[in-house]
Amino acid sequence: MARHLITSAIPYINGIKHLGNLVGSQLPADLYARYLRSRGHEVLFLCATDEHGTPAELAAAKAGKAVAEYCAEMHDVQARIADGFGLSFDHFGRSSSPQNHRLTQAMAGRLAEMGLIREVTEDQVYSVTDGRFLPDRYIEGTCPNCGFESARGDQCDNCTKQLDPTDLINPRSTISGATDLEVRTTKHLYLRQSELKGALADWIDSKKDWPILTTSIAKKWLNDGDGLQDRGITRDLDWGIPVRKGDQDWPGMEGKVFYVWFDAPIEYIACAQEWQDAGKGADWKRWWRTDKGADDVRYTQFMGKDNVPFHTLSFPATIMGTQEPWKLVDYIKSFNYLNYDGGQFSTSRGRGVFMDQALEILPSDYWRWWLLSHAPETSDAEFTWDAFQQDVNKDLADVLGNFVSRITKFCRSKFGETIPAGGTQGAAEEALIAALTQRLTAYQGHMDGIEVRKAAAELRAIWVLGNEYLQANAPWTTIKTDPDTAAMQVRLGLNLIRLYAVLSAPFIPDASKVLLDAMQTDDAAWPDDIGAALTALPTGHAFTVPDNLFRKITDDERAGWAERFAGVRT
RNA sequence: GGCGCGGUAGCUCAGUUGGUUAGAGCGAUCGACUCAUAAUCGAUAGGUCGGGAGUUCAAGUCUCCCCCACGCCA
């Protein structure tokens, strides 16, 4: 038994995430966490909401709420939806938690002690009306080069010329439209990542088994141009973690907060404190401090490819820079994007399916199965309603659901709702057990290696073995001449249902529970020995015939959903 | 424009350090079965592995050039 710390990239607070976000981090992380728990390992699976920064402030303003209130509400919304998808976080924290405030300030203070923070004075555009400094993308004006009227502060989208906000003619705030902008001098803290470039490069180079997507992105940022750049870790905002040096004031930094990308990954650690403080566990340092027992912890992070630079460089730089014994990540599993029907998911255009909508139209297992079995591991993947309908109907309803249906109903009609007695296993059963054993080994190998699609394919093949067995041995024929053998075949089939419930639980936990309930057992132990596992339900054990495990998606439904989620064309 | 991940059967994808007739699932066609959610099981068809050149006894797998799609950056 090993100890596994697992974190999913923390979703931003300003709205409900779409299926692409889900399959890019939270869902595969949950799959892995559930699998490892089933195998008997000790798991701490953490996720949180990422709550700071300008977008949160703007979203709150748009909703007419105070930021703190807005974030609290949205956190609850996201937590509820995550629960709906069966995401089995040990704790779903908040980057705005007091624990994260203290830890972020402590880390910044420590980095300053280590000489890794420098102060930089710079000019930034300030909006008097908005009462805030404006990041480049919140400034628009007329391009001095081509006359395009909606050029952004950093670049003209029309002629692609690179701009400074001060170049713009008639600059205005995109937040309020205000034109009373002025340039003000402000001071910020920079993390001297460039000092840590060598250590980071060595560390990345030592990770030979990481996905190529992960290391190639890290190396690009490490080596491109002038190499890894120092990064500003503070902002002139109200909402965020106040800049302090540990528990001391930071002279000259009054009224400023840490940049969201500095405090967000630190929440991975703070979240463990929240977990303990919420009474869900004890001794959080045992998971995070190598001097307090975390040496034998294997830490795996899950994220979309857009998050890779922060997890391979910025956050490790923070941790290494402290020279304190914090746990560094052991394995980063990164994902490409899921596209929606030939394009991108789009929040602003309402294009694609969002997590709350998905749960409105179908149970979570449908989504879990399809998304995981098509996880964008090697390249971007594509969601289409045709494929979704076809795959889900075939895999879940026809292959697995119908297997359960045919064997339970056959047993009920011939033997009643108890495991029938009689008969002995022979060559066919021996062959089935051998095939199952081989596939189980492959399945475990793929799950251990977090090869999500391959694991799904192997699990499906395990389901198919059940149908093959029934088809080849035809208890409905056997019973006419040899009722004892038919009883043995049915007994085996019913035990297969329990086995499938156990093996499938990481992918489709709800269906798995329905199956265990129907078999009237709570024996969900992962099988060491397939032959033994197929005798777990003994002769005479009562069961019930469950309702159809998965109903099929109809053509009308598919067509309706395709239209409903197509979004506004522009 | 620079960089990155890709471009393998109609569709979604596997293809280890280059090595026998390039694989799987779905879809299609045919057949078997009739316990079951018009389900299942089997068989068959289908690919000059984006294009070209090269290295090699041997290349989907290495090298170079080009094309296409997507993404990131400036």
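Please read these numbers as outputs of a predicted model, since none were measured by experiment. (Residues numbered from 1 in each chain as written. Chains lettered and ligands numbered in written order. Predicted model: local features only at pLDDT ≥ 70, side-chain atom pairs only at ≥ 80, totals over all residues. Heavy atoms only, no water.)

**Q** Can you help me understand the packing of helix H11 (residues 364-373) against helix H17 (residues 509-518) in this one?
**A** The axes of two packed helices give the description: the angle between them and the distance between them. Between H11 and H17, whose axes approach to 7 Å, the crossing angle comes to 120°. The angle between the axes of H11 and H17 places the two elements in the oblique class. In this structure, H11 contributes Ser-364, Asp-365 and Arg-368 to the contact, and H17 contributes Pro-509, Asp-510 and Ala-511. Per-class residue counts for the contact of H11 with H17 are two nonpolar, one polar and three charged. (Axes fitted to C-alpha atoms, helices over the stretch in contact; angles between N-to-C directions. Helix = DSSP H or I, 4+ residues; strand = E, 2+ residues; numbered from the N terminus. Parallel < 35°, antiparallel > 145°, perpendicular 65-115°, else oblique. Contact = heavy atoms within 4.5 Å. Nonpolar A, V, L, I, M, F, W, Y, C, P; charged D, E, K, R; others polar.)

**Q** What exactly am I supposed to notice about the sheet that holds strand E6 (residues 139-142) here?
**A** To summarise the sheet geometry, strands pair through backbone hydrogen bonds and adopt either a parallel or an antiparallel arrangement. Spatially, three strands are ordered E7-E6-E8 in an open sheet, and the strand pairing comes out antiparallel. A strand with exactly one partner marks an edge of an open sheet, and here the two such strands are strand E7 (151-152) and strand E8 (169-173). As paired elements, E6 and E8 share three bridges and run antiparallel to each other. Bridge assignment links Ile-139 to a residue of E8, and that residue is Ser-173. (Pairing = 2+ DSSP bridges.)

**Q** What is the right way to read the layout of surface pockets from this model?
**A** Gaps left between atoms are located by rolling a probe of water-molecule size over the structure's atoms. Volume-wise, the second largest pocket comes out at about 240 Å³. As for the second largest pocket, its lining consists of 15 residues, and the residues nearest its centre are Pro-211, Lys-333, Glu-377, Thr-378 and Glu-451. Put simply, the parts of the chain that give the lining of the second largest pocket at least two residues each are helix H6 (212-223), strand E16 (331-335) and helix H14 (452-473). (1 Å grid on protein atoms, 1.4 Å probe; cavity = no way out; pocket = protein on both sides within 12 Å on 5 of 7 lines; lining within 4 Å. Points joined across faces, edges and corners; volume = space filled by probe spheres on them.)

**Q** So what exactly am I meant to see when it comes to the nonpolar core here?
**A** Here is a general trend for soluble globular proteins: nonpolar side chains tend to be buried in one another's company. Leu-19, Trp-288, Trp-367, Trp-385, Phe-388, Tyr-443 and Phe-507 are the most contacted members of the largest nonpolar core, which totals 157 residues. Apart from residues lying up to four places away in sequence, Trp-367 is in contact with Leu-19, Phe-85, Val-353, Ala-358, Leu-359, Ile-361, Leu-362, Leu-372, Phe-383, Trp-385 and Phe-388. (Core = buried A, V, L, I, M, F, W, Y, C linked by side-chain atoms within 4.5 Å. Buried < 20%, exposed > 50% of the residue type's maximum accessible area, 1.4 Å probe, protein only.)

**Q** Could you clarify how one ought to interpret the packing of aromatic side chains in this entry?
**A** The geometry of an aromatic ring pair comes down to the distance between the two centres and the angle between the two planes. All told, the structure shown has 26 aromatic pairs when counted by the stated rule. On the basis of an interplanar angle of 80° and a centroid distance of 5.4 Å, the ring pair of Tyr-366 and Phe-550 is categorised as edge-to-face. Of the two residues, Tyr-366 sits in helix H11 while Phe-550 sits in the loop between helix H18 (530-533) and helix H19 (555-564), which places them 184 residues apart along the sequence. By the burial criterion, Tyr-366 is buried, and Phe-550 matches it. The structure contains a cluster of three or more aromatic residues connected by ring pairs, namely Tyr-340, Trp-367, Trp-370, Phe-383, Trp-385, Phe-388, Trp-561 and Phe-565. Looking at Arg-3, its charged tip hangs above the ring of Trp-287, at a distance of 4.5 Å from the centre. (Phe/Tyr/Trp six-rings, centres within 6.5 Å; stacked < 30°, edge-to-face > 60°. Lys NZ or Arg CZ within 6 Å of the ring centre and 35° of its normal.)

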